[in-house]
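Structure assessment
Chain by chain, the residues:
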Amino acid sequence: YWSVDNIVDNLIESKEIQEAAAFLREGKLVAFPTETVYGLGASARSDEAVTSIFTAKGRPADNPLIVHISQQKDVYNFTKSVPEKAEKLMEKFWPGALTIILAHNGRLSTKVTAGLSTVGLRMPDHPVALALIEASGEPIAAPSANRSGRPSPTTAAHTAEDLQGRIAGIVDGGATGLGVESTVIDCSGELPIILRPGGVTQSQLEAVIGRVEVDQSLTEEAAPRSPGMKYKHYAPEAPLTLVDGDEDFFRSCVRKHKENGEKVGLILFPALASMEADAVYILSDNRIETTARELYSALRTFKKSEVDHILMQAVPADELGFAVMNRLVKAAGGRILTQ
Ligand code: TXA
Ligand code: MG
């Protein structure tokens, strides 16, 4: 456990970063902060190191990992060719919350890419992440540092909650800023396509490279999805239901759950802060940036022993709200009550 939150000068030469980087070079697992969420890092060139990420997380081996680099030019070490549109995106959004999928050249562990012909690359916008990657001298595979199926961690404490005892160490750089993961865009084909909405929005991308597709699975009607989806994602300890409607509708939904004798947990916008429940998390303000930043932390506050059900109002699914609703619908396993 290395705390680097207060180091301002020459982070990369600090004892903390040098120790953590040495662990990575030895093939060990080190969690670290990025601007989106905490990542669980390992050398992306080592089959063994990458395999231990899947084990520590309990992650299905067919779900590929993002490879993190500290310099834009490193992209050319691991890819076959880089289309012009991908280059424009790197120029504009790196370092930042954008993962670009490109055809790889076989120099990374096949475990990272789950045997696919493509790899997801990202240069994170966080001084600690950049210093650690640079100091390690390795490309760093890093999924979010949660146990598979749980909300992603936005603090070192949340990372420890899930992975303590399963990994070599955590670099504590304080709470992350964005709170939702990077946007994943596939640039390996003719037309760029968003596979996961995240910190960089579709309109921001389109302003730089023109038309961008959105993967069909992201725009299908969310409601009919079965609660028993194959894999859980972002799931809190108690079931979450989203409420798509006004404040009166939200109050009536909460009342129904209470009348069923359930202990209810509420994630509330400030206007409803006075509502009573067995546990509440009040978001700091109404801005979508704030909802994104606090979302995973909010989901983690509710303990199984304290609440039977969690309710939250849906947000408009545009711009950053697209990413927030994508995570919320998954966290809710598709449970949405519509007015
Ligand atoms: O913000 C983030 O992206 C964080 C931080 C730590 O960088 N990382 C993250 O990683 O969210 P993870 O593993 O939780 O999510 C990676 C996503 C998955 O949905 C995975 O399927 C997709 O990226 N992905 C990775 N490589 C891919 C590839 N070659 N083709 C298609 N999808 C890919
Ligand atoms: Mg994840």
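Residues numbered from 1 in each chain as written. Chains lettered and ligands numbered in written order. Predicted model: local features only at pLDDT ≥ 70, side-chain atom pairs only at ≥ 80, totals over all residues. Heavy atoms only, no water.

Some remarks on the UniProt feature "binding site: L-threonine" (unreviewed entry) in the chain
Basically, it comes down to this: UniProt positions are given in the numbering used here, feature names are shortened, and annotations may be inferred rather than shown by experiment. Runs of H or I in DSSP of at least four residues are treated as helices and runs of E of at least two as strands, each being numbered from the N terminus. Here a residue-residue contact requires only that any non-hydrogen atoms of the pair lie within 4.5 Å. We define a polar contact as two N or O atoms separated by no more than 3.5 Å, with the added condition that, inside protein, one atom must be a possible hydrogen donor and the other a possible acceptor, whereas residues neighbouring each other in sequence contribute only through side-chain atom pairs.
The feature "binding site: L-threonine" (unreviewed entry), as given by UniProt, occupies Thr36, His68, Arg122, Ala142 and Ser182 in the numbering adopted here. Of the residues just listed, which span 147 residues, no C-alpha pair is farther apart than 12.7 Å, and they cluster in one region. Here Thr36 shows up in the loop between β2 (30-33) and β3 (38-43). Apart from residues lying up to four places away in sequence, Thr36 is in contact with Ala97, Arg122, Thr154, Thr176, Leu178, Gly179, Val180, Glu181 and Ser182. At 3.2 Å, the side chain of Thr36 and the side chain of Arg122 are in polar contact.

Concerning the sheet that holds strand β14 (residues 279-282)
The cut-off we apply is this: At least two bridges found by DSSP between two strands are what make those strands a pair. Where helices are involved, their axes are fitted lines through C-alpha atoms of the stretch in contact, as for all axes, and angles between N-to-C directions lie from 0 to 180°.
One open sheet accounts for five strands, arranged β14-β13-β15-β12-β16; its pairing is parallel. Of all strands in the sheet, those bounded by a partner on one side alone are β14 and β16 (336-338). Taking the axes of each pair of neighbouring strands and ignoring which way they run, one obtains an average angle of 20° across the sheet. Of the strands in this sheet, β12 (240-244), β13 (264-268), β14 and β15 (309-313) touch helix α10 (residues 288-301), which is tilted by about 165° from β14.

Considering the pairing of strand β5 (residues 98-103)
This is how it is decided: Any residue under 20% of the maximum accessible area for its type is buried, any over 50% is exposed, and the rest in between are partly exposed; the area is computed with a 1.4 Å probe on protein chains only.
Of all six residues in β5, five are buried, a share of seventy percent or more. Taken together, the four bridges between β5 and strand β6 (residues 118-122) define a ladder with antiparallel strand orientation. Across the sheet, the residue bridging to Ile100 is Leu121, located in β6.

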